[in-house]
Amino acid sequence: MGLLEPVDIGNCQAPNGVMFGPHVTNLGTDERTFSDQHIAYYARRAHGGCGVIVLEGMSVHHSDWPYERAPLASHCAESLNELTAALHQEKCLIIASLDHSGGQGTSAYHQQPLWAPSRVPEVNSREVPKWMEQADIEEVIAGFVNAARIAVSSGCDGVEINAGQHSLVRQFLSGLTNHRNDVWGEDKTLFARSIIEKVRAAIGDAIIGLRLSCDELAPWAGITPDMAVELAPQLAACGLDYLVVVRGSIFSVEKTRPDFHEPEGFNTDITQRVQAVLNIPVFLQGSVVQPHMAMQAVEQGVCAGVEMTRAQIADPDLANKMLSGGTAKIRPCIRCNQTCQVRDARNPIVTCVVEPTSGHESTDPNWYTQVASKKVAIIGAGPAGLEAAYTAARRGHLVEVFEQRNSAGGVAAFAGPGAAFVHWLYEQCLALSVQFHFGVCVDEATNHGADVVLQCTGSRPGVPTYALPDHTAAIDVVDVMNGSAALPESGDIILHDPIGGPIAIALAQWLGERAMLITPDNIAGNELSRSGDLAPANVRLAQRGTRVVKRALVRSVIKSGEGVSVEVQDRYSGETTTYGAAAFIDCGFRLPTEHISTRFHLVGDAVAPRTVLEAVLEARRAVFML
Ligand SMILES: Cc1cc2nc3c(=O)[nH]c(=O)nc-3n(C[C@H](O)[C@H](O)[C@H](O)COP(=O)(O)O)c2cc1C
Ligand code: SF4
């Protein structure tokens with residue numbers, strides 16, 4: 001059996017075992033329906049060869065409105081019909097995800113109490129839910145049945161019931177959240193079993209899948225892998241056609257799709273155990289982004305298929321590239337979680353740092369249409385320069401890249417999770433015959449005979465926000481990361497981090513007990529909440545013995561003997577403290593590099609220092625306009 005071979009699921013057949021899992025996209029309409037953007041988003045993955053697409057979860061009942069643009073099943077018949085009509089032009093199976101987030105939702109939108117098995121407060125919002133009464137339970141079960149009918153009559157091949165992260169069904173199954181002493185608590189499987197049986201009766205032989213948290217990572221009361229191996233067959237016997245193994249509980253929402261700090265394929269062992277006790281296809285989920293890992297899992301009998309959600313947000317053609325032997329051409333997901341995780345205060349739509357057209361399929365052009373060839377010179381081989389070179393070469397231009405350092409990748413090659421991406425881009429450029437010139441500084445007078453020059457030279461250190469009489473007292477974080485500045489071999493190192501992003505945290509973690517991180521915020525790595533790494537990052541720092549000085553502003557950095565003396569002021573009390581250290585590293589805001597010539601088009605951080613996403617997007621736009 002192989003991942004790319006057809007998989008029988010119930011009475012249907014998926015063309016292969018690659019799944020695009022259910023995820024919040026924020027592409028929905030204000031009326032809580034699927035949108036044209038949804039159709040374009042899913043059609044792109046279907047066209048890219050995906051075997052099974054599980055749509056964004058639909059709330060099965062009006063008591064659930066977990067985020068502003070969450071689809072509501074009873075509103076979705078018409079939009080689902082349009083969606084399935086568009087997707088069924090491809091071979092993939094289309095599965096509707098049936099959701100109720102129970103006590104993990106919010107009352108912010110429907111202004112009603114949350115419904116949950118027991119009164120366990122939501123861990124982040126601290127909202128206390130209402131204990132569901134018998135009538136509430138019956139209504140929600142009926143909601144699952146109605147939603148399943150709507151999905152199947154609107155052209156879906158089946159439904160997937162969510163008992164994974166953020167789900168009422170899991171809350172009933174788990175001792176963490178089900179403290180009832182009525183029938184629904186005495187038999188914690190009753191709610192899930194009732195739903196599966198009633199949905200089965202309602203939709204005949206259409207597919208029913210279950211997304212099941214098989215490890216709540218809370219063994220004192222939660223579902224454990226040993227329990228899951230008992231639970232899965234009981235639930236399957238009620239009428240399931242497939243099961244997806246996930247993990248996580250109310251205390252570990254970030255563990256379901258963690259970022260790059262967690263190992264890849266972390267659910268492999270438990271998935272193999274669950275597949276061994278079931279005779280329906282089981283899907284492996286959880287940070288499987290590399291084709292060889294997914295193929296190996298199926299070949300070794302761990303599972304029948306593999307969910308590769310972020311991998312297909314990063315490259316919608318993943319399955320087709322695997323099928324045609326072109327795995328080297330797959331744009332790699334770097335598991336950064338920076339822009340595909342959308343439930344944050346900015347309320348953005350789903351997109352991807354390495355593939356910004358994700359989520360924008362209905363508005364972005366085809367970046368790679370062929371045009372009359374020009375000679376394009378690109379200054380700088382960081383993410384913007386490499387993406388510009390790649391896009392230009394694919395459009396048929398003759399491309400030369402001039403980089404002052406001796407290697408490609410820029411800051412991304414050393415800092416954060418982007419190294420794999422810039423390495424991939426560089427390899428693609430070489431395959432497209434882009435010429436690289438390393439160790440070359442370009443000045444105003446040179447354009448190397450090019451028709452057009454793109455300046456992708458990135459950023460430079462910012463202006464210090466503190467007194468710095470001798471600028472050599474502060475080391476630029478980029479120089480540390482790329483190895484051009486050596487740190488003293490012993491003594492404390494102070495890191496100044498007014499940004500709260502991943503770079504200073506990674507360095508502080510690496511330095512461990514030697515590091516003292518100074519932040520103006522109340523927590524280290526304030527901005528990591530968006531990628532789900534805020535709490536894990538603080539745990540890692542604590543475990544490594546890193547000291548964190550919070551609510552603090554650096555006022556001066558002065559050379560002192562072999563090291564530095566750093567004056568820091570508390571933002572609340574105004575009190576100042578002076579710390580001595582062997583070195584001071586500035587991880588603060590940066591400035592664009594100087595514009596070399598007004599004839600050169602600026603791209604990425606050379607316009608304004610931001611992230612890899614803006615570098616990639618602006619590189620494409622600049623090349624598209626040539
Ligand atoms: C943006 C985003 C939002 C997600 N939202 C949900 C969700 O609402 N419900 C759910 O069960 N899983 C959700 N997931 C988890 C995915 O279904 C999938 O299991 C997860 O991304 C792990 O697979 P991967 O490592 O292949 O990306 C989400 C994932 C992403 C990337
Ligand atoms: S934003 Fe990051 S984690 Fe999300 S799909 Fe893109 S590369 Fe992967």
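Just so it is clear, the model here is predicted, and its values are computed rather than measured.

## Remarks on the overall build of the protein
Item 1. Of the regular secondary structure elements, the protein holds 17 helices and 28 strands.
Item 2. What you see for the protein is a C-alpha radius of gyration of 26 Å, in line with the 25 Å of a compact globule of 626 residues.
Item 3. Seen through its C-alpha atoms, the protein measures out along the principal axes to roughly 75 × 65 × 45 Å.
Item 4. Within the protein, buried positions represent 57% of all 626 residues.
Item 5. As displayed, the protein has an accessible area near 24800 Å², and 51% of this comes from carbon and sulfur atoms.
Item 6. Positive and negative side-chain charges of the protein, numbering 48 and 69 respectively, have mean locations separated by a distance of 2 Å.

## With respect to the site of ligand 2
Item 1. Lining the immediate environment of ligand 2, one finds Arg310, Ile313, Cys333, Ile334, Arg335, Cys336, Asn337, Thr339, Cys340, Cys352 and Val353.
Item 2. For the shell around ligand 2, the per-class residue count stands at seven nonpolar, two polar and two charged.

## Details of the site of ligand 1
Item 1. Residues in close proximity to ligand 1 total 15 residues, the closest being Pro22, Ser287, Glu307, Arg310 and Cys340.
Item 2. With respect to ligand 1, the backbone of proline 22 contributes an N or O atom lying 2.5 Å from an oxygen atom.
Item 3. In the environment of ligand 1, an oxygen atom lies 2.6 Å from a nitrogen or oxygen atom belonging to the backbone of serine 287.
Item 4. Computed on the free molecule, ligand 1 has an accessible area of 600 Å², of which 93% lies beneath the protein chains in the complex.
Item 5. Taken together, the residues that form the shell around ligand 1 break down as four nonpolar, seven polar and four charged.

## Some remarks on the sheet that holds strand β26 (residues 583–586)
Item 1. Strands sit in the order β19-β26-β20-β21-β22 across an open sheet of five strands; the sheet is parallel. Every interior strand has two partners, whereas the edge strands, β19 (474–476) and β22 (547–549), have only one. When strand polarity is set aside, the average angle formed by the axes of neighbouring strands in this sheet is 25 degrees.
Item 2. When strand β20 (residues 493–496) meets strand β21 (residues 515–518), the two strands line up parallel, connected through four bridges. Looking at the pairing, leucine 495 lines up with leucine 517 of β21.

## Regarding helix α16 (residues 534–544)
Item 1. Considered for burial, the residues of α16 that qualify are Leu534, Ala537, Arg540 and Leu541. Along the axis of α16, the buried positions cluster into a sector of 125 degrees, meaning they face one direction only. Opposite the buried face of α16, at more than 90 degrees from it, the exposed residues are Ala542 and Gln543.
Item 2. Tucked inside the fold, the buried residues of α16 contact α15 (502–511), β21 and β22.
Item 3. Downstream of α16 by one or two residues, glycine 545 has phi in the positive range, about 80 degrees.

## Digging into unusual backbone geometry
Item 1. Positioned with a positive phi, glutamine 111 is a non-glycine residue whose angle comes to about 55 degrees.
Item 2. Relative to the helices and strands, glutamine 111 is located in the loop between β6 (93–99) and β7 (115–116).
Item 3. Even without a glycine there, the phi angle at histidine 166 is positive, about 55 degrees.

## A short note on the packing of aromatic side chains
Item 1. Tallied over the full model, the rule gives 16 aromatic pairs.
Item 2. Relative to phenylalanine 191, the ring of phenylalanine 172 lies with its centre 4.1 Å away and its plane at 25 degrees, an arrangement referred to as stacked. In this pair, phenylalanine 172 is assigned in helix α4 (residues 168–173) and phenylalanine 191 in helix α6 (residues 190–203), connecting sequence segments 19 residues apart. The burial state of phenylalanine 172 is the same as that of phenylalanine 191; both residues are buried.
Item 3. Ring geometry for tryptophan 184 and phenylalanine 191: centres 6.3 Å apart, planes at 80 degrees, overall edge-to-face. For the pair tryptophan 184 and phenylalanine 191, one class covers both residues: buried.
Item 4. Of the aromatic side chains, those joined through ring pairs into one cluster are Tyr368, Tyr390, Phe421 and Trp424.

## Overview of the domain arrangement of the protein
Item 1. For the protein, the domain assignment lists domain 1 (7–329), domain 2 (375–459 + 593–624) and domain 3 (463–588).
Item 2. Computed over C-alpha atoms only, the centres of domain 1 and domain 3 are separated by 41 Å.

## Overview of the pairing of β21
Item 1. Every second residue of β21 is oriented toward a common face, with Ala515 and Leu517 on one face and Met516 and Ile518 on the other, all of them buried.
Item 2. Here β21 pairs with β22 via three bridges, running parallel. Each bridged residue has a counterpart across the sheet, and for methionine 516 the counterpart in β22 is arginine 547.
Item 3. Between the parallel elements β21 and β22, the chain passes through α16 in a crossover that is right-handed.

## Quick look at the UniProt feature "domain: NADH:flavin oxidoreductase/NADH oxidase N-terminal" (unreviewed entry) in the protein
Item 1. Mapped onto this numbering, the UniProt entry annotates "domain: NADH:flavin oxidoreductase/NADH oxidase N-terminal" (unreviewed entry) at residues 3–323.
Item 2. The straight-line gap between the two end C-alpha atoms of residues 3–323 is 10 Å; of that span, 34% is helix and 15% is strand.

Cut-offs applied
Residues numbered from 1 in each chain as written. Chains lettered and ligands numbered in written order. Predicted model: local features only at pLDDT ≥ 70, side-chain atom pairs only at ≥ 80, totals over all residues. Heavy atoms only, no water. Helix = DSSP H or I, 4+ residues; strand = E, 2+ residues; numbered from the N terminus. Rg over C-alpha atoms; globule rule 2.2 N^0.38 Å. Buried < 20%, exposed > 50% of the residue type's maximum accessible area, 1.4 Å probe, protein only. Areas by Shrake-Rupley, 256 points an atom, 1.4 Å probe, with all protein chains shown as cover. Lys, Arg positive; Asp, Glu negative; His and termini not counted. Charge placed at Lys NZ, Arg CZ, Asp CG, Glu CD. Near = heavy atom within 4 Å. Nonpolar A, V, L, I, M, F, W, Y, C, P; charged D, E, K, R; others polar. Polar contact = N/O pair within 3.5 Å; in protein donor to acceptor, adjacent residues only side chain to side chain. Pairing = 2+ DSSP bridges. Axes fitted to C-alpha atoms, helices over the stretch in contact; angles between N-to-C directions. Arc of directions from axis to C-beta. Contact = heavy atoms within 4.5 Å. Phe/Tyr/Trp six-rings, centres within 6.5 Å; stacked < 30°, edge-to-face > 60°. Domains from an automatic or database assignment. Right-handed = clockwise from strand over helix to strand, strands pointing away. UniProt positions renumbered as here; feature names shortened; annotations may be inferred.

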